[in-house]
Amino acid sequence: GVCAPFPDKFDPLKLGNTDAKMERNTAAEIKHGRVAMLATLGYVVPELFHFPGCEKITNGLGALDTIPTEGLVSLFAFVGFHEIAVQPRENGMGAYDLGFGAEFLENCDDTEIKRRQTAERNNGRLAMMAIFGMLVQDQIFGMSPFKLMRETGLWGPNIDFIIKDIPMCAGGSMCGAHPAGT
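The rules we used
- Residues numbered from 1 in each chain as written.
- Predicted model: local features only at pLDDT ≥ 70, side-chain atom pairs only at ≥ 80, totals over all residues.
- Heavy atoms only, no water.
- Axes fitted to C-alpha atoms, helices over the stretch in contact; angles between N-to-C directions.
- Helix = DSSP H or I, 4+ residues; strand = E, 2+ residues; numbered from the N terminus.
- Parallel < 35°, antiparallel > 145°, perpendicular 65-115°, else oblique.
- Contact = heavy atoms within 4.5 Å.
- Nonpolar A, V, L, I, M, F, W, Y, C, P; charged D, E, K, R; others polar.
- Expected span 1.5 Å × (residues − 1).
- Buried < 20%, exposed > 50% of the residue type's maximum accessible area, 1.4 Å probe, protein only.

### Describing the packing of helix α4 (residues 110–141) against helix α5 (residues 145–152)
- Axis separation between α4 and α5 bottoms out at 9 Å; the angle between their running directions is 55°. When the axes of α4 and α5 are compared, the pair comes out oblique. Contacts between α4 and α5 involve M134, Q137 and F141 on the former and, on the latter, P145, F146 and L148.
- For the contact of α4 with α5, the class distribution of residues is 5 nonpolar, 1 polar and no charged.

If you want it as structure tokens, here you go:
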């Protein structure tokens, strides 16, 4: 998880001031990153494909209103079951090592393992920001970012209501200008 520009673990608030706390925080970060990677994929795929019988379920945050109660119950049951049933493997690398994909690390030296672990954590961090951004955009505009882009074009809707109170954007040249003809 250590990567440039930080030479050591970045923990300015000292939340991981003991090895046990740092191990727990590391496991939580990796788990959240994996969930965010799946969530980001799950946010994009329904824009392209719906399983039979799910055509009426809307995409993005609107899905929470259109998923039947039975679907939500089964979703929570599956997540709960997964939390209880899937445990870290014995003699693994840490609490985050569930054994999935471990065979890809068998013939790797320590440097390559560290590089792959850092790549996974960085991808997880990016996915956490990506899903957060898509959810915020969905909440602000009332539709998934992809539907919004299809309906309003690549430049998106007018966002003057967001930037109107930023001093440097009040008629200054520091803010983006509308494309010609809009």
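### Focus: helix α1 (residues 19–44)
- Across its 26 residues, α1 extends 37 Å between first and last C-alpha, which sits within 8% of the 38 Å expected from 1.5 Å per residue.
- Of the positions making up α1, those classed as buried are M22, T26, A27, I30, G33, A36, T40 and Y43.
- Summarising the contacts, the buried residues of α1 are in contact with α4 and α5.

### Quick word on the environment of I131
- Assignment of secondary structure puts I131 in helix α4.
- Looking at I131, the relative accessible area reads 12%, which means it is buried.
- Placed 94 residues apart in sequence, I131 and M37 show a C-alpha to C-alpha distance of 8.2 Å.
- Other than its neighbours up to four places away in sequence, I131 contacts A36, A39, T40 and Y43.

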